[in-house]
Amino acid sequence: MDFTYDPENIFAKILRGEIPNDTVYENDHALAFRDINPQAPVHVLVIPKGPYVSLDHFAAEAAPEEQLGFMAAVAEVCRGEAVANGFRALSNTRRDGVQEVPHFHLHIIGGRPLGRMLSPA
Ligand code: AMP
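First, a word on what this report is: a plain description of the structure on this page. On a predicted model such as this, the values are computed, not experimentally measured, just so you know.

So, how was this worked out
- Once a new chain begins, its residue numbering starts again from 1 and follows that chain's sequence as written.
- In view of the model being predicted, local features appear only for residues whose pLDDT reaches at least 70, and side-chain atom pairs are presented and counted only at 80 or more, with totals across whole chains, interfaces and linings using the full set of residues.
- Hydrogens and water molecules were not included; the side-chain quantities draw on all heavy atoms of the structure.
- For the purposes of this entry, the term helix denotes a DSSP run of H or I that reaches at least four residues, the term strand denotes a run of E that reaches at least two, and both are numbered from the N terminus.
- In this setup the radius of gyration rests on C-alpha atoms only. A globule is expected at 2.2 Å times the number of residues raised to 0.38.
- Only protein chains enter the accessibility calculation, which uses a 1.4 Å probe; a residue is then buried when its area is under 20% of its type maximum, exposed when over 50%, and partly exposed in between.
- For this analysis, residues touch if any pair of their heavy atoms sits within 4.5 Å.
- The Shrake-Rupley method, run with a 1.4 Å probe sphere, supplies the accessible areas, and residue values consider only the shown protein chains as cover.
- The charged-residue count follows a simple rule in which Lys and Arg add positive charge and Asp and Glu add negative charge, with His and chain termini not counted at all.
- By convention, the point assigned to a charge is CZ for Arg, NZ for Lys, CD for Glu and CG for Asp.
- To pair, rings of Phe, Tyr and Trp, with the six-membered ring standing in for Trp, must have centres within 6.5 Å; the planes then decide the type, stacked if under 30 degrees apart, edge-to-face if over 60, and tilted in the middle.
- For two strands to pair, DSSP has to find at least two bridges joining them.
- Within this scheme, the nonpolar core is defined by two criteria: the residues are buried Ala, Val, Leu, Ile, Met, Phe, Trp, Tyr or Cys, and they are joined through side-chain atoms within 4.5 Å.

With respect to the overall build of the chain
1) Next: Within the chain one finds three helices and five strands.
2) Next: Helices and strands appear in the chain in the N-to-C order α-β-β-β-α-α-β-β.
3) Next: In terms of overall size, the chain behaves like a compact globule, its C-alpha atoms giving a radius of gyration of 14 Å where 121 residues would be expected to give roughly 14 Å.
4) Next: Counting only C-alpha atoms, the chain reaches 35 × 35 × 30 Å along its principal axes.
5) Next: Taking all 121 residues of the chain together, the buried fraction comes to 38%.
6) Next: Across the chain, contacts joining residues at least 24 apart in sequence account for 57% of those joining residues at least 6 apart.
7) Next: Here the chain has roughly 7400 Å² of accessible surface; of this, 55% comes from carbon and sulfur atoms.
8) Next: Seen as two clouds, the 10 positive and the 16 negative side-chain charges of the chain have centres 9 Å apart.

And the structure:
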């Protein structure tokens, strides 16, 4: 698998402070911010601060402290947002997953009933 990272992707620019974001939570290893085009009342993106292109890249190569920091950010987002009735966490990956931004991000989506996970192809 080619996990080549493009440092000019928009989330890398957010991490460098070159473009603004609506931050929900931040720690040493992860940043959580509101999606600019929310699909539900809660739509937060959690990203690692390291240069990982996708979930499988992050899972395979991120250091344990990066993975723990990332999951701690997920926990904080879920604790702080209105998702007591549930939510969906998803990570679009590469072409078939219709990934637009090549920096790993986990969508946390909730605040309304979300329907079934996938519509028929
Ligand atoms: P995908 O890579 O398919 O998971 O989609 C990328 C997501 O990033 C979309 O939901 C966009 O609305 C979101 N997005 C793109 N640019 C920004 C930005 N500058 N701030 C926040 N969210 C963004």
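Quick look at the packing of aromatic side chains
1) Next: Taken as a whole and judged by the stated rule, the model has five aromatic pairs.
2) Next: Following the ring pairs from residue to residue traces out a cluster consisting of Tyr 52, Phe 58, Phe 70 and Phe 104.

Thoughts on the pairing of strand E3 (residues 42-48)
1) Next: Of all seven residues in E3, seven are buried; the element is thus mostly enclosed.
2) Next: Residues Val 42, Val 44, Val 46 and Pro 48 point to one face of E3 and His 43, Leu 45 and Ile 47 to the other, with burial holding for every one of them.
3) Next: Bridging between strand E2 (residues 30-34) and E3 involves five bridges; their strand directions are antiparallel. Bridge pairing in E3 links Ala 30 to Pro 48.
4) Next: Here E3 runs beside strand E5 (residues 106-110); their pairing, made up of five bridges, is antiparallel. Looking across to E5, one finds that Val 44 is bridged to Ile 108.

Side note on the nonpolar core
1) Next: The biggest cluster of nonpolar side chains holds 17 residues, and the ones touching the most others in it are Val 46, Phe 70, Val 74 and Ile 108.
2) Next: When near neighbours in sequence (up to four residues on either side) are disregarded, Val 74 contacts Val 46, Leu 106 and Ile 108.
3) Next: Counting residues in each nonpolar core, the second largest holds seven residues, with Phe 11, Ile 14, Leu 45 and Ile 47 among its members.

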